[in-house]
Amino acid sequence: MEYPFRKIETKWQKIWEKNRTFYVDMDDPREKFYLLSMFPYPSGVLHMGHVSNYSIADAIARYKIMNGYKVLQPMGYDSFGMPAENCAIENHSHPEITTHENIDKMRKQFKMVGFGYDWDREVITCDADYYKWNQWFFLKMYEMGLVYKKSSYVNWCPSCQTVLANEQAEGGICWRCDSRVEQKEIEQWFIKITDYAEELLDHSKLNNWPQRVITMQKNWIGKSYGTQIIFKMVDEDIEIPVFTTRPDTIFGCTYMVLAAEHPLVEDFLQDNPREDEIRKFINGVINEDKIERTAEDTEKIGMFTGKYVVNPVNCEKIPIWIGNYVVMDYGTGAVMCVPAHDQRDFEFAQKYKLPIRIVIQNPDKTLELNSMKEAYVDEGILVNSSPFNEMDNRKAIQKITEWMEEKGYGYKTVIYRLRDWGISRQRYWGTPIPIVYCDECGAVTVPEDDLPVRLPKNVAVGKTRKNPLLSVPEFLNTTCPKCGGPAQRETDTMDTFFDSSWYYARFCDANNNNVPFEKAKANYWLPVDQYIGGIEHACMHLLYARFFHKFMRDIGLVVTDEPFSNLLTQGMVTKDGAKMSKSKGNTVDPQEYIDRFGSDTLRVFMLFASPPEKDVEWNDEGVKGAFRFLNRIWMLFKEKQAFLKSIPKSYTKEVEMPSYAKDLRYSTHFTIKKVTEDIHERMQFNTAIAAIMEHLNNISAFQCDESSEKIIQAVYYEAIAALPKLLQPFAPHLSEEIWAMLGNQTSILETSWITYDDKYLIKDQTTYVIQINGKLRSKIVVGLDTPKKEVEKIARADEKVLKYTEGKEIIKIIIIPKKLVNIVIKD
RNA sequence: GCGAAAGUGGCGGAACUGGUAGACGCGCUGGACUUAGAAUCCAGUGGCCGAAAGGUUGUAGGGGUUCGAGUCCCCUCUUUCGCACCA
């Protein structure tokens, strides 16, 4: 027989809604707890990954509620972006229609799973009342000097005449028409996230972030200390600065390499007889995949520009090359090359027969130029570097920099790998960037009062080439806010990371039409006490959001420095070892399982299958196992309902009881302790559920009926009565139902979390494991407080120990209290 | 390629601080119930040797530290995530 999960689940979902259990406001005197899961892209169907992610959050929410918190758990939809636009193209529909249909479907599903959301705060990023504030923030950033325009490269399909996302240009081939993708330089809007690089490196206010995320962010920002060295061109009044972390090798610099994108490259081509050849080379490099291009094992190729610079420290004339292994995104786009002490430079110099000069000598084994097979990158003593010869190279880094600063050759500097945030997208389904181009006034921001700049609806999605918004004259043509003359709107839209960078703050005051959110409300709820989402967001989303928060602080909207004080990065749901995806055809529809087994079963399976940080491998049989467990609970309550009502609920008097009853009482209190600690301290739900299963096994094995002694009945009642409380985070509907079956009139969520009593966790005996030379040989059971000496005596007298130690010399005995005895003997 | 992680039975996982490896669940095997199946219940279940007691081996592979290593250190391999226009 199956328990009536459908009836139970709809019943309690209705009661929670009627009681407004999950709706919160500031007036409520309970302490706040803001719990947030990364909001989904509304694909229209709930994905297993959503169920997994949101089941984790909901478990925490329910636990926190029962611990006296008012939990703000909102939900929304990250509904701008490429997939909606693509879907509209395929289905000849409009993103606005499909997106809202999808949102309605997903909301319905969320409700069917019974997640405890405050639906009054729902946020939909593609609605004008949300994206209006994206535009408003853009204007504020503009005022702050954080916004600028610069040219940069995009993937361009010459055949489709459109810009492609990286995923649409994989392998340098257009996903639609298989044309070769080109790199096209266009003007785009950037946000100066690098202004905050230093502060973003400070994770000290994030008490409970996974170390790996912090490390990944640090590496992403990539701060390095170094020296900017200024090289002057021969016969021309042009300076080329380079950044190096190894100024100690400057005397060994024998050539310079510029990135193919370096602005000077174009100038160098003007009077160059090899212009065509070089231009062809540059185009080839620029269109190469960036990751491959900078990979260490990629062949280094280059071309001589015909130009020279002077190495300031020794006045040597050195050639300027263009190379594929230098990128414009890092440093100055130009590097000083020291082939003797940098592997990439070494390979390049060998290939093109460029001079190599040793300037750091290996103190252990003298380097010979002729026999060098690779660059010497380790420490050593400076040579060929007068006046710094014989100096330790590590000391020379600082000395040479100081010397260069004195001479004006260069200066100490810090650079970051982090680049400014390019927010321009040449697409339709995103927030219009509130800029107007006027022939007279140039780029002008749209005045605050004119916001939102609405995304026009009448776009033939997919039918346009270039920017879709260019094809809507009513949108495009406008008047200049400054001079009133004719002007055109910016047709780029914003990166959707912009939407998701501040949505957590909007949830604090989701329906405000006058401001993005009221400061008082944001500062009441923020920071998010627990944020939950995938590890794939470690660098980008989480850095953008941290940046945005600091920016909002600087314009006086929030008072904290960080948006998310605790972070949990959950794993993904896999099947056959791979991430579930449509393209792999290994998806499983949660709805099927909700219909067949109920939402509680799905939750329990998800939470039981692995710890939240790890991936969950989908397993049909495992789901049935979870269902079986919940059925066993249900049957227990159904069968014992009348009996439980008839027996004593507690034992006040300390009556001696048989050991099997003590064991059950121990199980009850131990399980409460285990579940509480697993949720509270470790957020490890799989072991918490395992503990409940074990406890259920103990209850099942326990003999108790009408004829049992009162005290036995009371112990039995206590053991069973713990179940609804312990199950609330994992199987909330069933928990409520069995709570009601015990005769309770109100929702279990209105009651407190269950506590345990330490005194029932004390055992009067303890087991020592006995090892001989580290191998398990025997066990002894002794009184709890048996002194070490006594334990040793008992251990030595143990029959099996005697067998192994007979005639052998005992070297030492290690005793770990309440754990083990290790007897070390001579073999 | 670079950066970050992970690797434990047939499977998902447990072992939290260096101290009994394999909790709990799935699967499998045997049994009970049943006309039969499903469901449920009971017992067993890392490998090898053994009827058993017990022994031996075992946490991706190789080395090391330690009385003792899944856990700490070094090297190698494999897998996953990210690499800036997927969200």
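Everything numeric in this text was worked out from a predicted model, so none of it was measured.

## Section: the overall build of chain A
Across its full length, chain A holds 25 helices and 32 strands. For chain A, the C-alpha atoms occupy an extent of roughly 110 × 85 × 50 Å along the three principal directions. Long-range pairs, those at least 24 residues apart, make up 72% of the contacts in chain A with a sequence separation of at least 6. Put simply, chain A shows about 38,200 Å² of open surface, and 49% of that area lies on carbon and sulfur atoms. For chain A, the centre of its 104 positive side-chain charges and the centre of its 117 negative side-chain charges are spaced 5 Å apart.

## Observations concerning the protein's contact with RNA strand B
With respect to spatial proximity, 68 residues lie near RNA strand B, and among them Asp78, Gln426, Arg427, Ala609 and Asn822 are the closest. Taken together, the sugar and phosphate atoms account for 67% of what RNA strand B places within 4 Å of the protein. Here arginine 417 contributes a backbone N or O atom positioned 2.8 Å from a base nitrogen of RNA strand B. Between RNA strand B and the protein, one listed contact pairs a base nitrogen with a side-chain N or O atom of glutamine 426 at 2.7 Å.

## Some points on the packing of aromatic side chains
Using the criterion set out here, one finds 60 aromatic pairs in the structure. With a centroid separation of 5.2 Å and 75° between ring planes, the pair formed by tryptophan 136 and phenylalanine 137 is classed as edge-to-face. The burial state of tryptophan 136 is the same as that of phenylalanine 137; both residues are buried. Over the ring of phenylalanine 475 we find arginine 489, and its NZ or CZ is 5.7 Å from the ring centre.

## Quick word on the state of the cysteines
Inspection of every chain in the model, using the stated rule, returns zero disulfides. Cysteine cysteine 337 is unpaired, with the sulfur of cysteine 253 as its nearest cysteine sulfur at 6.5 Å. What makes cysteine 337 buried here is its relative accessible area of 0%.

## Looking at the pairing of strand 29 (residues 765-772)
Where a strand is regular, its side chains alternate between the two sheet faces. Both strand 29 and strand 30 (residues 775-783) contribute to a ladder of eight bridges, which runs antiparallel. If you follow tyrosine 768 over to strand 30, its bridge partner there is isoleucine 780. As judged from the four bridges shared by strand 29 and strand 32 (residues 820-825), these two strands associate in the parallel manner. Bridged to glutamine 771 within strand 32 is asparagine 822.

## Describing the domain arrangement of chain A
The domain boundaries assigned to chain A delineate domain 1 (5-139 + 497-573), domain 2 (147-191), domain 3 (223-416), domain 4 (641-761) and domain 5 (765-825). Here domain 1 and domain 3 have C-alpha centroids that lie 49 Å from each other.

## A few points about the packing of helix 7 (residues 211-221) against helix 16 (residues 540-554)
Packing of helix 7 against helix 16 leaves a shortest axis separation of 10 Å and a crossing angle of 80°. In terms of orientation, helix 7 and helix 16 fall into the roughly perpendicular class. Along its contact with helix 7, which presents Val213, Gln217, Trp220 and Ile221, the element helix 16 presents Met540, Leu542, Leu543 and Arg546. Per-class residue counts for the contact of helix 7 with helix 16 are six nonpolar, one polar and one charged.

## Quick notes on the side chain of histidine 695
Relative to the assigned elements, histidine 695 resides in helix 21 (residues 685-700). Overall, the relative accessible area of 1% leaves histidine 695 in the buried class.

## Let's talk about the sheet that holds strand 6 (residues 162-164)
Taken together, four strands build an open sheet; the order of strands is 6-5-7-17 and the sheet is antiparallel. Looking at the sheet topology across the chains shown, the edges are occupied by strand 6 and strand 17 (421-422). Bridge analysis of strand 5 (residues 147-157) against strand 6 gives three bridges, and the strand direction is antiparallel. Following the sheet pairing, asparagine 155 is matched in strand 6 by leucine 164.

## Examining the pattern of salt bridges
Any two side chains of opposite charge can pair if their charged atoms end up close together. Taken as a whole, this structure holds 43 salt bridges when the rule is applied. For arginine 553, the salt bridge is made with aspartate 561, and the minimal N-O distance between the two is 2.6 Å. Residue class for arginine 553 comes out buried when judged on its relative accessible area of 18%. In this structure, a network of salt bridges that share partners links the residues Glu199, Lys205, Arg546, Lys550, Arg553, Asp554, Asp561 and Glu562.

Cut-offs applied
Residues numbered from 1 in each chain as written. Chains lettered and ligands numbered in written order. Predicted model: local features only at pLDDT ≥ 70, side-chain atom pairs only at ≥ 80, totals over all residues. Heavy atoms only, no water. Helix = DSSP H or I, 4+ residues; strand = E, 2+ residues; numbered from the N terminus. Contact = heavy atoms within 4.5 Å. Areas by Shrake-Rupley, 256 points an atom, 1.4 Å probe, with all protein chains shown as cover. Lys, Arg positive; Asp, Glu negative; His and termini not counted. Charge placed at Lys NZ, Arg CZ, Asp CG, Glu CD. Near = heavy atom within 4 Å. Polar contact = N/O pair within 3.5 Å; in protein donor to acceptor, adjacent residues only side chain to side chain. Phe/Tyr/Trp six-rings, centres within 6.5 Å; stacked < 30°, edge-to-face > 60°. Buried < 20%, exposed > 50% of the residue type's maximum accessible area, 1.4 Å probe, protein only. Lys NZ or Arg CZ within 6 Å of the ring centre and 35° of its normal. Disulfide = S-S within 2.5 Å. Pairing = 2+ DSSP bridges. Domains from an automatic or database assignment. Axes fitted to C-alpha atoms, helices over the stretch in contact; angles between N-to-C directions. Parallel < 35°, antiparallel > 145°, perpendicular 65-115°, else oblique. Nonpolar A, V, L, I, M, F, W, Y, C, P; charged D, E, K, R; others polar. Salt bridge = Lys/Arg side-chain N within 4 Å of Asp/Glu carboxyl O.

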